[in-house]
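Structural overview for review
Spelled out, the chains give:
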Amino acid sequence: MAPARQRIISNRNSGDNPQAKRPPVRVKVSGKGSRDDGPKSKHKSSLNSSKNKNAPPVASNKFLIFGHDSAIKLLFTTRLFAAIWSHISDCDETFNYWDPLHYMIYGKGLQTWEYSPEFALRSYTYLTACGLPAWFYNSLFVPNPMLMFYFVRCILGILCAIVEFHFYKAVCREFGIHVGHVWLIFQFFCAGMFISSTAFLPSSFSMYVGSAALAEWWFQRYNSAVFLTAISALLGWPFAGAIGLPIAYDMIFRQKMLKNFIIWTGISAATILIPMTLIDSSYFGRIVVAPLNLIIYNVFSSHGPNLYGVESFTYYLVNGFLNFNIVWLLALITPILLVICHYFVPAKSKSTLYLPHWLSLAPLYLWLLIFWPQPHKEERFLFPVYLLINLCGAISLDVIQKVYFRIKGLLRGFRPGSHYWDESTLVAGIFIAIATLLGVSRIFALYRNYNAPINIMIEFNNLAKDKTLQVDGPVNVCFGKDWYRFPSSFFLPTPNYRVRFIKSEFRGMLPAYYDETANGTQIIHSYFNDRNEGNDFMLFDYAKCHFLVDLDLGKYTELEPNYLKDKEWNVLTTLPFVNAEKSNSILRAFYIPYFSDKYVEFGSLNLLKRRKLKFE
């Protein structure tokens, strides 16, 4: 059997055959009555040629064939794995989303200045949408709050897996089955997806919904693409609207669907923005359009986000490599490789099923063009285009295989019935193996080096079941210089346990507890400001701390002493946490057996209990 025939049967059996999903070919009748079924290759030695029925059988790349059942199961598995094992990499996730959600469910939680009615940069509608499953779960079963945390994470992971599966089918349709399968493998072992897929952040939400919008676009479902883009930008992150600009261009200028675009933009805005404004206004006590406030602060204010740190131009280059390794490098050079492929590879068939590459991949490069030059850079700013990074990496690998096949054919001649995938299996295998090994290495390093803060709070949750610690009065769990490592109030054992912040070298703005009254979200507090200026109101009396969580890296100051020398404290538990300054940067970023154990040093994250507990 010819290899092309083998592939058709394999694809049909796997349920991934894009030919069955393609729209009808537009038939044009020429003056002579001939039918034009689309562009044809002028070269008989096409990359997909298999016309020689006498050609000997060639091994097909069955190892890259994924059925729909296998794909969705593997996606669910990897995302639930991330939900359980990934750490919180950004304190903004804790204090701007997890703790406000804790307040909405339990009536207690930490508030940041962004939620002050004076500024109103964050939306309670987003918290409500993501927190509804948790509210029902709590209403039915009243679980430990820590289980609520992981329940919400699992819901986010399942949502991400569903979107990825839909995106995968769209990629197979638009870019080809081989690209789709490579993209899927990249997704499974991607450290960036391990971090972002279950993060309770608007940028992760925009990754889900924005990627679904792109998939709908590739399926030529324009109305749903516009609606999903609006959800991503309004309910999630307003800057994610940039992903929808190529969709708008295609509708307005290529498809001449201006009227349809205007109608569905209006429908989307009314459907999302009106309820969102009503919900947020009820929480803030005044009319609030949170996405607009966020844009005004970040773009038009005199200080903006640069108060919270600026990074060099190489930040995203390094961060992208950490999260995507060689796939990131492949994605950056995709446009160059596509140009090379166009001129060097003789197949002149349509580059994609429906859209030209420059338009279908424009969202990624437009996003990088917008965010890379910004002085204030954060890892989560790239979350919305994470699926596109792996897609462009897969396309680059596909082009490399075609070029390799072309060069090999020119040097040795083309085998009858040969296909570029059959002749370049080793090339694909090398790239996939490297990406997989580096991805797994990075994921293991992240858990090994940085998961101590969550694990120590899990330990604390279990230790607090001790009857001697079950009291009616407030129990103060204190954090000093490591305040930003606190995973959220969901890890506090009972409502009378409170996280407190003691004085340290940090001088910026700290969160404070919501006022626990009926209108707690509507109260304007004088200690909040938008200039990242600290206020002593947020600081707690060290002498009243019952427990203390402190990272000991061997560096001490007057405000950040060695608490282990204080005889007032007992050590309840100690977990290793990486000492970045004293560790090899590469072996810290990627786990390599033996070498990482030898050249990566750890400090101690300690949970301390005051010897004589005094509850008030």
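Source: prediction; values computed, not measured.

What follows covers the overall build of the chain. The number of helices and strands found in the chain is 23 helices and nine strands. Across the chain, contacts joining residues at least 24 apart in sequence account for 78% of those joining residues at least 6 apart. Put simply, the chain shows about 28,000 Å² of open surface, and 62% of that area lies on carbon and sulfur atoms.

As for its position among the elements, threonine 573 is in strand S8 (residues 569-578). Of the residues examined, threonine 573 reaches a relative accessible area of 14% and is grouped as buried. Look past the residues within four positions of threonine 573 in its chain and what remains in contact with it is Ile456, Glu459, Leu605, Asn606 and Leu607.

A covalent bond between the sulfur atoms of two cysteines is referred to as a disulfide. For the structure on display, the rule yields one disulfide. The disulfide that involves cysteine 478 links it to cysteine 545, with 2.0 Å between the sulfurs. Negative torsions about the S-S bond denote left-handed disulfides, and the value of about -95° found for cysteine 478 with cysteine 545 makes this one left-handed. Of this pair, cysteine 478 sits in strand S4 (residues 475-479) while cysteine 545 is found in the loop between strand S6 (512-513) and strand S7 (547-552), placing the two residues 67 residues apart along the sequence. Of the two residues examined, cysteine 478 and cysteine 545, each falls in the buried class.

The subject of this paragraph is helix H2 (residues 68-85). Since there are 3.6 residues in each turn of an α-helix, residues three or four apart along the chain are aligned in direction. Under the 1.5 Å per step criterion, the end-to-end length of H2 is 26 Å for 18 residues, consistent within 8% with the ideal 26 Å. Listed as buried for H2 are Ala71, Ile72, Leu75, Thr78, Arg79, Ala82 and Ala83. Taken around the axis of H2, the buried residues stretch over an arc of 145°, which confines them to a single face. With respect to the buried face of H2, the exposed residues turned more than 90 degrees away are Asp69, Lys73 and Thr77.

The next point concerns the confidence of the model for the chain. Averaged over every residue, the pLDDT of the chain is 88; residues scoring 70 or more account for 87%. Between residues 1-60, whose pLDDT stays under 50, and residues either more than four places distant or in other chains, the model counts 79 contacts.

This next bit is on the packing of aromatic side chains. The final tally for this structure, using the stated rule, is 61 aromatic pairs. Consider the rings of tryptophan 98 and phenylalanine 149, whose centres lie 4.4 Å apart with planes at 40°: the pair is tilted. With a gap of 51 residues between them, tryptophan 98 in helix H3 (residues 91-106) and phenylalanine 149 in helix H5 (residues 145-175) connect regions that are remote in the sequence. Taking relative accessible area as the criterion, tryptophan 98 reaches 0% and is therefore assigned buried. For phenylalanine 149, a relative accessible area of 0% puts it in the buried group. Ring geometry for phenylalanine 167 versus tryptophan 183: centroids 5.1 Å apart, planes at 40°, classification tilted.

Here we come to helix H18 (residues 386-412). When the terminal C-alpha atoms of H18 are compared, their 39 Å separation across 27 residues agrees well with the 39 Å that a helix rising 1.5 Å per residue should span. Of all 27 residues in H18, 19 are buried, a share of seventy percent or more. Positive backbone phi, approximately 90°, marks glycine 413, located one or two places after H18.

All right, on to the pairing of S4 then. Among the five residues that make up S4, five are buried, leaving the element largely enclosed by the rest of the structure. Where burial is concerned, the two faces of S4 agree: the one with Val475, Val477 and Phe479 and the one with Asn476 and Cys478 are both buried. When S4 meets S7, the two strands line up parallel, connected through three bridges. Across the sheet, residue phenylalanine 479 finds its bridge partner in S7, namely valine 549.

Following both chains from N to C, one finds helix H17 (residues 362-371) and H18 inclined at 120°, their axes separated by 9 Å at the closest point. Considering their axes alone, H17 and H18 lie oblique with respect to each other. The interaxial crossing formed by H17 with H18 has left-handed handedness. Along its contact with H17, which presents Pro363, Leu364 and Tyr365, the element H18 presents Leu388, Ile389 and Cys392. Residues of the contact of H17 with H18, tallied by class, amount to six nonpolar, no polar and no charged.

Moving on: the side chain of asparagine 96. Turning to its location among the elements, asparagine 96 is positioned in helix H3. Of note is the side chain of asparagine 96, whose polar atom sits 2.4 Å from the side chain of aspartate 92. Ignoring anything within four residues of it in the chain, the contact list for asparagine 96 reads Thr112, Glu114, Tyr115 and Arg122.

Here we take up the environment of glutamate 311. As for its position among the elements, glutamate 311 is in the loop between helix H12 (290-300) and helix H13 (315-324). For glutamate 311, a relative accessible area of 39% puts it in the partly exposed group. With 65 residues separating them along the chain, glutamate 311 and histidine 376 place their C-alpha atoms 6.1 Å apart.

Summed over all chains, the structure comprises four cavities of 30 Å³ or more. As a volume, the largest cavity reaches approximately 110 Å³. Around the largest cavity, the lining is made up of 15 residues, and of these Leu121, Arg122, Ser123, Gly236 and Leu294 lie nearest the centre. Where the lining of the largest cavity is concerned, the elements lending two or more residues are helix H9 (222-236) and H12. Looking at the lining of the largest cavity residue by residue, the classes come out as twelve nonpolar, two polar and one charged. Looking at the second largest cavity, the residues that line it are Ile185, Phe186, Phe189, Cys190, Phe324, Asn325, Val327, Asn390, Ala435 and Thr436. Across the lining of the second largest cavity, the residue classes tally to seven nonpolar, three polar and no charged.

Let us now look at the environment of glycine 210. Examined against the element boundaries, glycine 210 turns out to sit in helix H8 (residues 202-218). Look at glycine 210 and you get buried, because its relative accessible area is 4%. Here the alpha-carbon distance between glycine 210 and threonine 229, two residues 19 residues apart in the chain, equals 5.7 Å. Once residues within four sequence positions are removed from consideration, glycine 210 is found in contact with Ser232 and Ile243.

Turning to unusual backbone geometry, a few remarks are in order. Look at glutamine 220: it is not a glycine, yet its phi comes out positive at around 65°. You can see glutamine 220 is positioned in the loop between H8 and H9. Within the chain, serine 488 stands out as a residue other than glycine whose phi angle is a positive 145°. Summarising the element assignment, serine 488 is placed in the loop between S4 and strand S5 (497-501).

Reading guide: rules and limits
- Residues numbered from 1 in each chain as written.
- Predicted model: local features only at pLDDT ≥ 70, side-chain atom pairs only at ≥ 80, totals over all residues.
- Heavy atoms only, no water.
- Helix = DSSP H or I, 4+ residues; strand = E, 2+ residues; numbered from the N terminus.
- Contact = heavy atoms within 4.5 Å.
- Areas by Shrake-Rupley, 256 points an atom, 1.4 Å probe, with all protein chains shown as cover.
- Buried < 20%, exposed > 50% of the residue type's maximum accessible area, 1.4 Å probe, protein only.
- Disulfide = S-S within 2.5 Å.
- Expected span 1.5 Å × (residues − 1).
- Arc of directions from axis to C-beta.
- pLDDT = per-residue confidence, 0-100.
- Phe/Tyr/Trp six-rings, centres within 6.5 Å; stacked < 30°, edge-to-face > 60°.
- Pairing = 2+ DSSP bridges.
- Axes fitted to C-alpha atoms, helices over the stretch in contact; angles between N-to-C directions.
- Parallel < 35°, antiparallel > 145°, perpendicular 65-115°, else oblique.
- Left-handed = near helix turned anticlockwise from the far one by under 90°.
- Nonpolar A, V, L, I, M, F, W, Y, C, P; charged D, E, K, R; others polar.
- Polar contact = N/O pair within 3.5 Å; in protein donor to acceptor, adjacent residues only side chain to side chain.
- 1 Å grid on protein atoms, 1.4 Å probe; cavity = no way out; pocket = protein on both sides within 12 Å on 5 of 7 lines; lining within 4 Å.
- Points joined across faces, edges and corners; volume = space filled by probe spheres on them.

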